[in-house]
Amino acid sequence: ATPLWALAAARIGALVVCMTVPRRSAVASDIDTSEDAPLPVIDVRTKEFVELRTQASAQAMLALFVRPGCGSCVAVMKSANERAAELSAAVSVVYIVDGTYGAQLTDEQLAVDFGGQPVMADGAAITARTLGLPASRPHGVLIGRDGKAVLPYANGTEECLALMDAISAAVAPEAHV
């Protein structure tokens, strides 16, 4: 009977330890940053979960990480909205905002500021951290139909605009002649 009591005591001890040791919350070092790690976001309009790599399998994606009210971001958003038709020949444009901003966006902001393009909320910045993006905005990330993010990422207004210029040039009619 002694071995059973010892086993029971060990299990109870392990249970007590598990219940009393505080659990760590997710920190940057807990984020899977492999090139095929999931890129989870929430669609601000529908409140549904979206995985960006899966969504990009239908059409390559230009994910623009922006912050409403950020002057640099506004310039990128304005340019993307004005070029929506030409960009859509090659990529779907998707705006990614911080989770707190996504929850506060009104229907009017979604229509005017984001030009009716899809807007996703990156709760806890998991997707941004998975891609290795700093907290500053704007950033542009091109995700191919294979789900891979194309390096280097566009950092800042000028690089985001240059990335859109490159996409536009690649699909321009004279580029195919």
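In case you missed it, the structure is sitting above this.
1. Some remarks on the packing of aromatic side chains
Inference 1: A full pass over the atoms with the stated rule returns one aromatic pair.
Inference 2: The interplanar angle of 65 degrees and the centroid separation of 5.1 Å between the aromatic rings of Tyr95 and Phe114 together place this pair among those described as edge-to-face. Of this pair, Tyr95 sits in strand S4 (residues 92-98) while Phe114 sits in the loop between helix H6 (107-112) and strand S5 (119-122), and the two are 19 residues apart along the sequence. A single burial state applies to Tyr95 and to Phe114, both of which are buried.

2. Digging into the pattern of salt bridges
Inference 1: Inspection of the entire model under this criterion finds four salt bridges.
Inference 2: Arg83 is the salt-bridge partner of Asp165, the closest N and O atoms lying 2.6 Å from each other. Here Asp165, found in helix H8 (residues 157-171), pairs with Arg83, found in the loop between helix H3 (71-82) and helix H4 (84-87); they are 82 residues apart in sequence, far enough to count as distant.
Inference 3: Assessed through its relative accessible area of 41%, Asp165 is described here as partly exposed.
Inference 4: One continuous salt-bridge network, built from bridges that share partners, spans Arg67, Asp98 and Arg137.

3. As for H3
Inference 1: The end-to-end C-alpha distance of H3, which contains 12 residues, comes to 17 Å, matching closely the 16 Å that a straight helix rising 1.5 Å per residue would cover.
Inference 2: The inward-facing, buried residues of H3 contact strand S3 (61-65), H4, S4 and H8.

4. Section: the sheet that holds strand S1 (residues 40-43)
Inference 1: The strand order across the open sheet formed by seven strands is S2-S1-S5-S4-S3-S6-S7, and the pairing between neighbours is mixed. The open sheet is flanked by strand S2 (49-51) and strand S7 (149-155), the only strands paired with a single partner. Here the average twist between neighbouring strands, direction ignored, is 30 degrees.
Inference 2: In terms of strand pairing, strand S6 (residues 139-143) meets S7 through four bridges, oriented antiparallel.

Definitions and cut-offs
- Residues numbered from 1 in each chain as written.
- Predicted model: local features only at pLDDT ≥ 70, side-chain atom pairs only at ≥ 80, totals over all residues.
- Heavy atoms only, no water.
- Phe/Tyr/Trp six-rings, centres within 6.5 Å; stacked < 30°, edge-to-face > 60°.
- Helix = DSSP H or I, 4+ residues; strand = E, 2+ residues; numbered from the N terminus.
- Buried < 20%, exposed > 50% of the residue type's maximum accessible area, 1.4 Å probe, protein only.
- Salt bridge = Lys/Arg side-chain N within 4 Å of Asp/Glu carboxyl O.
- Expected span 1.5 Å × (residues − 1).
- Contact = heavy atoms within 4.5 Å.
- Pairing = 2+ DSSP bridges.
- Axes fitted to C-alpha atoms, helices over the stretch in contact; angles between N-to-C directions.

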